[in-house]
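Residue-level structure breakdown
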Amino acid sequence: MGWIPCSGYSGTKNKVEKMEAQDSLVGQIKATTGKLKRNSSTKSKDTSKNGNPDHIAAQTFSFRELATATRNFRAECLLGEGGFGRVYKGRLESINQVVAIKQLDRNGLQGNREFLVEVLMLSLLHHPNLVNLIGYCADGDQRLLVYEYMPLGCLEDHLHDIPPGKKQLDWNTRMKIAAGAAKGLEYLHDKANPPVIYRDLKCSNILLGEGYHPKLSDFGLAKLGPVGENTHVSTRVMGTYGYCAPEYAMTGQLTLKSDVYSFGVVLLEIITGRKAIDNSKSAGEQNLVAWARPLFKDRRKFSQMADPTLQGQYPPRGLYQVIAVAAMCVQEQANMRPVIADVVTALSYLASQRYDPNTQHTGQSSRHAPGTPPRNRRGQ
Ligand SMILES: Nc1ncnc2c1ncn2[C@@H]1O[C@H](COP(=O)(O)OP(=O)(O)OP(=O)(O)O)[C@@H](O)[C@H]1O
Ligand SMILES: [Mg+2]
């Protein structure tokens, strides 16, 4: 087997310098996670699998170990590619586990900072709807992240440009994914302390495990949220076009409600099967939110919004309710958007109502309306 030489081992002087840089990055990660751990209380009943809420599980791996795990980053192991770099499937012999390994593109400028934030965030935050970071590698100038492998890939691949013959997501699965993703966001907003603004919610960052169990991934852009009297943090506008809340795109003022807007866009994609931005469509239909807004006003038009691939197999009342939730989330005015906890309540209810296309029985009670009015939980 051919080895990719680790760039940190090319010459004695270089070697010392690079190993020092690597040590200092690993040291920085360890020191910062320790400090944050003492200062923050991300402890919740979901915090740990092993009953120890303080556990920082991320391990360090050598580049050589990860090269072996992916058979030298072989093309057949490639799972996908994003702005950060390529993602490979691999098997780590030392822990006998299949993993996903993300290799930072060394030409990327943002990379190192995002790498650090990702490791710090995922070392502190643990929830069944957040992807698990198993470890990382900071060997020489190599930066790699090792995650649990999510066998069903990302939500985007199940909603858009689906190859013929691939199973479409049914209504129940869509509601399950929406409710689970909302729970992950609720953990970041309401259980983490200080709250975390995710900033990069989109379908490609919702990964799917067995049974379509959703987990949020990619925390490289996340920000610790406003503390005390502050309602926002100011930052450079980053994120993905089509998902950014209008006030954030215009002023750079980031609040928890910016995430709620992005969640609303994702929910619209789940309902309609349309992309947040689709340049192949006619002018009025390219931006999903702009297309949906006039339809929100007329209940009779709601059936036009349902993904045609569902072939009418959805509960009409459930469709109405989930569109109402999405409409609230994507409101122009940030303070009119609901807090994520209310979104979780509504979507968990909808997900619990199993729709059976054979009997057309949804089990939904007409007594209960899940849409709860927007509330201000964090003083936004
Ligand atoms: N833990 C994982 N398990 C399985 N597949 C994964 C995992 N992480 C990422 N992937 C796959 O790799 C692809 C690329 O992911 P990546 O996060 O690098 O980019 P992205 O989310 O598509 O774009 P961006 O960089 O803009 O966030 C994903 O679309 C997904 O299919
Ligand atoms: Mg991603």
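Residues numbered from 1 in each chain as written. Chains lettered and ligands numbered in written order. Predicted model: local features only at pLDDT ≥ 70, side-chain atom pairs only at ≥ 80, totals over all residues.

**Topic: the pairing of strand 5 (residues 133-137)**
For strand 5, the tally of buried residues reaches five of five residues, placing the bulk of the element in the interior. Direction of pairing for strand 1 (residues 59-60) relative to strand 5: parallel, over a ladder of two bridges. Pairing of Gln59 across the sheet is with Gly135, part of strand 5. Here four bridges tie strand 5 to strand 6 (residues 144-148), and the two strands are oriented antiparallel to one another. From the neighbouring strand, Tyr136 faces strand 6, where its bridge partner is Leu145. Between strand 5 and strand 6, which follow one another and run antiparallel, lie six residues, and Gly140 among them has a positive phi close to 55°. (Buried ≥ 20, exposed ≤ 12 C-beta atoms within 10 Å, placed from the backbone. Helix = DSSP H or I, 4+ residues; strand = E, 2+ residues; numbered from the N terminus. Pairing = 2+ DSSP bridges.)

**A look at the environment of Lys202**
Positionally, Lys202 belongs in the loop between strand 7 (196-197) and strand 8 (206-208). Looking at Lys202, the number of C-beta atoms within 10 Å reads 20, which means it is buried.

**Focus on the packing of helix 5 (residues 171-191) against helix 7 (residues 256-272)**
Following both chains from N to C, one finds helix 5 and helix 7 inclined at 170°, their axes separated by 11 Å at the closest point. As the angle between them shows, helix 5 and helix 7 are arranged roughly antiparallel. Along the contact surface, helix 5 presents Arg174, Ile177, Ala178, Ala181, Ala182, Leu185 and His189, while helix 7 presents Leu256, Asp259, Phe263, Val266, Leu267 and Ile270. (Axes fitted to C-alpha atoms, helices over the stretch in contact; angles between N-to-C directions. Parallel < 35°, antiparallel > 145°, perpendicular 65-115°, else oblique. Contact = placed C-beta atoms within 7 Å.)

**Focus: the UniProt feature "binding site: ATP" (unreviewed entry) in the protein chain**
The UniProt record annotates "binding site: ATP" (unreviewed entry) at Lys102. Overall, the presence of 25 C-beta atoms within 10 Å leaves Lys102 in the buried class. (UniProt positions renumbered as here; feature names shortened; annotations may be inferred.)

**Comments concerning helix 7**
Under the 1.5 Å per step criterion, the end-to-end length of helix 7 is 25 Å for 17 residues, consistent within 8% with the ideal 24 Å. Just downstream of helix 7, Gly273 is the residue with a positive phi angle, here 75°. (Expected span 1.5 Å × (residues − 1).)

**Details of the site of ligand 1**
Of all residues adjacent to ligand 1, which total 21 residues, the nearest are Gly80, Gly82, Gly83, Ala100 and Ser204. Breaking the shell around ligand 1 down by element, the ones donating at least two residues are strand 2 (78-81) and strand 4 (97-104). Per element, the largest residue contribution to the shell around ligand 1 is three residues, and it comes from strand 2. Considering only residue class, the shell around ligand 1 consists of ten nonpolar, seven polar and four charged. Mapped onto the domain boundaries, the shell around ligand 1 takes at least three residues apiece from domain 1 (22-148) and domain 2 (155-352). (Near = placed C-beta within 6 Å. Nonpolar A, V, L, I, M, F, W, Y, C, P; charged D, E, K, R; others polar. Domains from an automatic or database assignment.)

**Focus on the sheet that holds strand 2**
Strand order in this open sheet of six strands is 1-5-6-4-3-2, and the pairing throughout is mixed. Only two strands of the sheet have a single partner each, and these edge strands are strand 1 and strand 2.

**Looking at the confidence of the model for the protein chain**
Scored by pLDDT, the protein chain has a mean of 81; 73% of the residues are at 70 or more. Per-residue pLDDT stays below 50 along residues 1-21; that stretch engages in 21 contacts with residues further than four places along the chain or on separate chains. Considering only residues more than four positions removed or in separate chains, one finds that residues 40-55, a stretch of pLDDT under 50, has 22 contacts. (pLDDT = per-residue confidence, 0-100.)

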